[in-house]
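# Topology and contacts: notes
Residues per chain, in single letters:
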Amino acid sequence: MKLYRIGELAKAAGVSERTIDYYTKLGLITPEERSLKNYRLYNDETLNRLERINQMKQEKYSLEEIRQTLIKWNSVAGEEHVTDKLTSLEMHMQRLEREVNELQPLLGQLKPVQARKLLTGLLPQSAACIEALKYLLEHSSMM
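Cut-offs used in this document
- Residues numbered from 1 in each chain as written.
- Predicted model: local features only at pLDDT ≥ 70, side-chain atom pairs only at ≥ 80, totals over all residues.
- Heavy atoms only, no water.
- Helix = DSSP H or I, 4+ residues; strand = E, 2+ residues; numbered from the N terminus.
- Buried < 20%, exposed > 50% of the residue type's maximum accessible area, 1.4 Å probe, protein only.
- Contact = heavy atoms within 4.5 Å.
- Areas by Shrake-Rupley, 256 points an atom, 1.4 Å probe, with all protein chains shown as cover.
- Axes fitted to C-alpha atoms, helices over the stretch in contact; angles between N-to-C directions.
- Parallel < 35°, antiparallel > 145°, perpendicular 65-115°, else oblique.
- Nonpolar A, V, L, I, M, F, W, Y, C, P; charged D, E, K, R; others polar.
- Core = buried A, V, L, I, M, F, W, Y, C linked by side-chain atoms within 4.5 Å.
- Patch = residues over 30% accessible without salt bridge, like charges linked within 9 Å, V, L, I, M, F, W, Y side chains within 5 Å.
- Salt bridge = Lys/Arg side-chain N within 4 Å of Asp/Glu carboxyl O.
- Left-handed = near helix turned anticlockwise from the far one by under 90°.
- Phe/Tyr/Trp six-rings, centres within 6.5 Å; stacked < 30°, edge-to-face > 60°.
- Lys NZ or Arg CZ within 6 Å of the ring centre and 35° of its normal.

Looking at an unreviewed UniProt entry, the protein chain carries the name Transcriptional regulator, with the source organism given as Paenibacillus polymyxa.

Put into structure tokens, the structure is as follows:
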């Protein structure tokens, strides 16, 4: 298992050392262990976690939303591959939810003829996916 000092981790993740310090203080990442000279050492999982954090930041998630999502991911047991797939799927669903919420006001302004024309141009799978998302959004407050 490779362990990274802060500078090495920052370079590998494409972030600053200051960002590593900040994320550590926030609890978004944690060192695996400390060296004899008391350097914080991080593992490959931390590098993967930083990549996820960067991806979520690019998708305009707040640090608090990222922290809550990471807490959920930590509670998921099982194989790392399954966790990664579930994480990716959850992020994709959250992105779709945001996009649907952005489109909802625009769709509400369409005339029925315009809406039908728009929907007839969709593939059946896409229309079904949109309906499923709409249902989930409408009923998410009940879950």
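Still to come is the rest of the account.
### What about the overall build of the protein chain?
When you go through the protein chain residue by residue, the secondary structure sums to 7 helices and 2 strands. Split into buried and exposed, the 143 residues of the protein chain put 24% on the buried side. Considering only intrachain contacts with a sequence separation of at least 6, the fraction spanning at least 24 residues in the protein chain is 54%. For the protein chain, the computed accessible surface area is about 10400 Å², with 56% contributed by carbon and sulfur atoms.

### A look at the packing of helix α1 (residues 6-13) against helix α2 (residues 17-26)
Where α1 contacts α2, the axes come no closer than 8 Å and their chain directions differ by 105°. The orientation of α1 relative to α2 falls into the category roughly perpendicular. Contacts between α1 and α2 involve I6, G7, L9 and A10 from the former and E17, I20 and D21 from the latter. Looking at side-chain class alone, the contact of α1 with α2 contains 4 nonpolar, 1 polar and 2 charged residues.

### Some details on the nonpolar core
Among the nonpolar cores identified, the biggest contains 20 residues, and I20, L50 and I53 are the most heavily contacted of them. Apart from the residues lying within four places of it in its own chain, the contact partners of L50 are L9, A13, I20, Y23 and I29.

### Considerations on the side chain of Q94
Relative to the assigned elements, Q94 resides in helix α5 (residues 80-108). A relative accessible area of 18% places Q94 in the buried class.

### Side note on a nonpolar patch on the surface
Taken together, the side chains of L103, L106, L107, L110 and L118 define a hydrophobic patch exposed on the protein surface, amounting to about 430 Å² of accessible area. Here L106 lies in helix α5.

### Description of the packing of α1 against helix α3 (residues 44-58)
In a packed pair of helices, the relevant descriptors are the angle between the two axes and the axis-to-axis distance. At their nearest, the axes of α1 and α3 sit 10 Å apart, and the two run at 45° to each other. One finds that α1 runs oblique with respect to α3. Considering the relative orientation of α1 and α3, their crossing is right-handed. In this structure, α1 contributes L9, A12 and A13 to the contact, and α3 contributes T46, L47, L50 and N54.

### Observations regarding the packing of aromatic side chains
The final tally for this structure, using the stated rule, is 1 aromatic pair. Summarising the aromatic geometry, the rings of Y22 and Y23 are spaced 6.4 Å apart at their centres and angled 40° between planes, so their arrangement reads as tilted. Over the face of the ring belonging to Y39 we find R5, whose NZ or CZ atom lies 4.0 Å from the ring centre. Directly above the ring of Y61 sits R98, whose terminal nitrogen or CZ lies 4.0 Å from the centroid.

### Regarding the pattern of salt bridges
A side chain with one charge may pair with a side chain of the opposite charge, provided their charged atoms come close. Here the structure, examined in full by the defined rule, presents 5 salt bridges. A salt bridge links R67 to E64; the shortest N-O distance between them is 2.9 Å. In this pair, R67 and E64 both sit in helix α4 (residues 63-75), 3 residues apart, roughly one turn of the helix. Note that E65 and R98 form a salt bridge whose closest N and O atoms lie 3.2 Å from each other.

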